[in-house]
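Here is how the chains run, residue by residue.
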Amino acid sequence: MNQNKKKILVVLGHPNPNSLCAKFAQVYTEAAVKEGHSVEILRLIDLKFDYNLRFGYGAESIQTMEPDIRESQNKISKADHLVFVFPSWWASMPSVLKGWIDRVFIPGFSFQYQKHSPFPKQLLKGKTAHILVTMDAPTWYYKLVNWSPGIRILKKGTLEFCGVGPVKVSYFDQVRKRKEPEIANWIQRVMKLGSVAA
């Protein structure tokens, strides 16, 4: 049993509950719980909220927050470690994940603008994260040709911007070409990540 117990929030950004990503979220959670960590899966497709950030982040036009958005912020606040599981679609992420990020990671919760500085006050310091991303492209193509846009958006543009770190990334590529033994190996790999809450 792991003595360094963590509160972990697994954010599932794939809308299909029968997807490989959903399987990853499940086995990661089971392995982490077995080691004594407290883990919760947040299945974004089950939440009820407007994906559209209608007015930006201007103080004069704050958008009404749905209960599921407030609860998402509450879960993030309580977590020590955040795990994001999603597929790379058009080199980025599904709309449910991007919309959730836009609505949840708002000023006053995850960061705060500072009047005399170009740098924000980071409000999520002390938390760590791990990104598990699946894709049909080879990892080298995603990194060298596409420049990892989905990962850069989440890791650099969101999590590290708000003070989360370190942020690790695990790639699972060329999914369409993988045989069952290879998928089984991936599942074992994700289980090991859950065991060490990495």
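Residues numbered from 1 in each chain as written. Predicted model: local features only at pLDDT ≥ 70, side-chain atom pairs only at ≥ 80, totals over all residues. Heavy atoms only, no water.

(A) Region of the structure containing unusual backbone geometry. Geometrically, the link from G165 to P166 is a cis peptide bond, its omega value of 0° lying close to zero. Phi angles above zero are rare outside glycine, and W147 is one such case at about 65°. Among the secondary structure elements, W147 is positioned in the loop between helix 4 (139-144) and helix 5 (149-160). (Helix = DSSP H or I, 4+ residues; strand = E, 2+ residues; numbered from the N terminus.)

(B) Molecular detail of the layout of surface pockets. For the largest pocket, the calculated volume is near 250 Å³. In this structure, the largest pocket is lined by 17 residues; those nearest its centre are P87, S88, T134, M135 and D136. Those elements that provide at least two residues to the lining of the largest pocket are helix 1 (20-34) and helix 4. Classifying every residue of the lining of the largest pocket gives 11 nonpolar, 5 polar and 1 charged. (1 Å grid on protein atoms, 1.4 Å probe; cavity = no way out; pocket = protein on both sides within 12 Å on 5 of 7 lines; lining within 4 Å. Points joined across faces, edges and corners; volume = space filled by probe spheres on them. Nonpolar A, V, L, I, M, F, W, Y, C, P; charged D, E, K, R; others polar.)

(C) Molecular detail of the nonpolar core. Grouped together as the largest cluster of nonpolar side chains are 37 residues, with contacts concentrated most on I76, F84, F86, L97, W100, F105 and L159. Of all elements in the fold, only strand 1 (7-12), helix 2 (67-78), strand 3 (81-87), helix 3 (95-104), strand 6 (128-134), helix 5 and strand 7 (167-172) reach the threshold of two or more residues within this core. Residue contributions to this core peak at 5 residues, all from helix 3. Sequence-distant contacts of F105, that is, excluding residues within four places in its chain, are made with Y57, I76, F84, W100, S110, F111, L124, T158, L159 and C162. Residues V10, L12, F24 and V83 belong to the second largest nonpolar core, which totals 23 residues. (Core = buried A, V, L, I, M, F, W, Y, C linked by side-chain atoms within 4.5 Å. Buried < 20%, exposed > 50% of the residue type's maximum accessible area, 1.4 Å probe, protein only. Contact = heavy atoms within 4.5 Å.)

(D) Structural view of the environment of K125. Within the secondary structure, K125 is located in the loop between strand 5 (117-122) and strand 6. C-alpha of K125 to C-alpha of V164: the two residues are 39 residues apart in sequence and 5.3 Å apart in space. The contacts of K125, once residues within four sequence positions are left out, are C162 and G163.

(E) Up close: the side chain of E66. Tracing the backbone shows E66 in the loop between strand 2 (38-43) and helix 2. With relative accessibility at 19%, the residue E66 sits in the buried group. Residues contacting E66, with those up to four places away along its chain left out, are K48, F49, D50 and R103.

(F) Inspection of helix 3 at higher detail. Judged by how many residues are buried, helix 3 sits mostly within the fold: 7 of 10 residues are covered. Of the residues making up helix 3, those classed as buried are V96, L97, G99, W100, I101, R103 and V104.

(G) Structural context of the sheet that holds strand 2. The 5 strands lie next to each other as 2-1-3-6-7, forming an open sheet whose pairing is parallel. Among the strands making up the open sheet, the edge pair consists of strand 2 and strand 7. This sheet shows a mean twist of 15° between the axes of neighbouring strands, independent of strand direction. Strand direction decides the pairing type here: strand 6 and strand 7, joined by 6 bridges, are parallel. Paired with I131 across the two strands is V169, which belongs to strand 7. (Pairing = 2+ DSSP bridges. Axes fitted to C-alpha atoms, helices over the stretch in contact; angles between N-to-C directions.)

(H) Representation of the environment of G13 within the structure. Of note, G13 is situated in the loop between strand 1 and helix 1. Taking the C-alpha atoms as reference, G13 lies 15 Å from D68; in sequence the two are 55 residues apart. G13 has contacts with L44, V85, F86, P87, P94, V96 and L97, leaving out every residue within four places of it along the chain.

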